[in-house]
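What follows is the residue order along each chain.
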Amino acid sequence: MTETIETTHSFKPKFSADGLIPAVVTDHRSGDVLMFAYMNQMALNETIASGIAHFWSRSRGKLWKKGEESGNLLKVIELRTDCDQDVVWVSAEVQGDGVACHTGERSCFYRRVVKPDGTDAAALEFAPLPAPKTPTA
């Protein structure tokens with residue numbers, strides 16, 4: 001059988017033309033989406049080596065160890081990639097105060113997009129993350 005990107009045991013992440021790969025971060029316990037960022041090869045290597053999530057800051061143009069200043073480090077519990085290896089998923093435990101967003105919110109996704117009655121324009125509404133669903137037996 002011929003090995004394909006979908007069947008290989010080799011980790012061969014596909015970085016974009018600008019050298020980045022999207023990284024989705026979720027809370028290991030609840031499964032909540034905490035943040036989205038990009039990694040370059042250096043950030044991915046450092047994440048794997050240290051067990052602490054590192055990203056590439058596009059705005060600052062440098063390696064970024066998430067939580068280095070706040071103490072809210074992202075301890076990697078599991079690192080996954082998708083079927084064609086062009087996205088990584090970081091399942092993490094948030095250290096420190098347990099917040100992942102620089103605003104002090106637990107997740108960067110603390111607002112939802114709504115369409116107010118009588119308008120065609122979208123607006124934002126502050127809203128807590130939905131409660132985790134419990135499996136039914």
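Just above sits the structure.
Residues numbered from 1 in each chain as written. Predicted model: local features only at pLDDT ≥ 70, side-chain atom pairs only at ≥ 80, totals over all residues. Heavy atoms only, no water.

A. Structural detail: the overall build of the protein. From N to C terminus, the protein includes one helix and eight strands. Going from the N terminus to the C terminus, the protein shows its helices and strands as β-β-α-β-β-β-β-β-β. Dimensions of the protein, computed from the C-alpha atoms along their principal axes, are close to 55 × 40 × 40 Å. Burial status across the protein gives 28% buried among its 137 residues. The contacts in the protein between residues at least 6 apart in sequence include a share of 39% that link residues at least 24 apart. As presented, the protein carries roughly 9,100 Å² of accessible surface, and 53% of it is formed by carbon and sulfur atoms. Of the charged side chains in the protein, 15 are positive and 18 negative; the average position of the first set lies 2 Å away from that of the second. (Helix = DSSP H or I, 4+ residues; strand = E, 2+ residues; numbered from the N terminus. Buried < 20%, exposed > 50% of the residue type's maximum accessible area, 1.4 Å probe, protein only. Contact = heavy atoms within 4.5 Å. Areas by Shrake-Rupley, 256 points an atom, 1.4 Å probe, with all protein chains shown as cover. Lys, Arg positive; Asp, Glu negative; His and termini not counted. Charge placed at Lys NZ, Arg CZ, Asp CG, Glu CD.)

B. Expanded view of the pattern of salt bridges. According to the stated counting rule, one finds six salt bridges in the structure shown. One salt bridge connects Arg29 with Glu93, and the closest N-O pair in it is separated by 3.3 Å. In this pair, Arg29 is assigned in the loop between β1 (21–27) and β2 (33–39) and Glu93 in strand β6 (residues 88–94), connecting sequence segments 64 residues apart. Taking relative accessible area as the criterion, Arg29 reaches 71% and is therefore assigned exposed. For Arg106, the salt bridge goes to Asp32, with nearest N and O atoms at 2.1 Å. With Arg106 in the loop between β6 and β7 (111–114) and Asp32 in the loop between β1 and β2, the pair connects residues that are 74 residues apart, well separated along the chain. The class for Asp32 is buried, based on a relative accessible area of 12%. One network of salt bridges, with partners in common, ties together Asp27, Asp32 and Arg106. (Salt bridge = Lys/Arg side-chain N within 4 Å of Asp/Glu carboxyl O.)

C. How the structure looks around the environment of His102. One can find His102 in the loop between β6 and β7. The class for His102 is exposed, based on a relative accessible area of 75%. It is 14 Å that separates the C-alpha atoms of His102 and Phe55, two residues lying 47 residues apart in sequence.

D. Main features of the packing of aromatic side chains. As enumerated under the stated definition, the model contains three aromatic pairs in all. An angle of 20° between the planes, with centres 5.8 Å apart, marks the rings of Tyr110 and Phe126 as stacked. With Tyr110 in the loop between β6 and β7 and Phe126 in strand β8 (residues 123–126), this pair connects stretches of sequence that are 16 residues apart. (Phe/Tyr/Trp six-rings, centres within 6.5 Å; stacked < 30°, edge-to-face > 60°.)

E. Expanded view of the sheet that holds β2. Read from one edge to the other, the open sheet built from four strands follows the order β2-β1-β6-β5, with strand pairing classed as mixed. Unpaired on one side and paired on the other, β2 and β5 (74–81) mark the two borders of the sheet. Recorded for the sheet is a direction-independent mean angle of 25° between the axes of neighbouring strands. (Pairing = 2+ DSSP bridges. Axes fitted to C-alpha atoms, helices over the stretch in contact; angles between N-to-C directions.)

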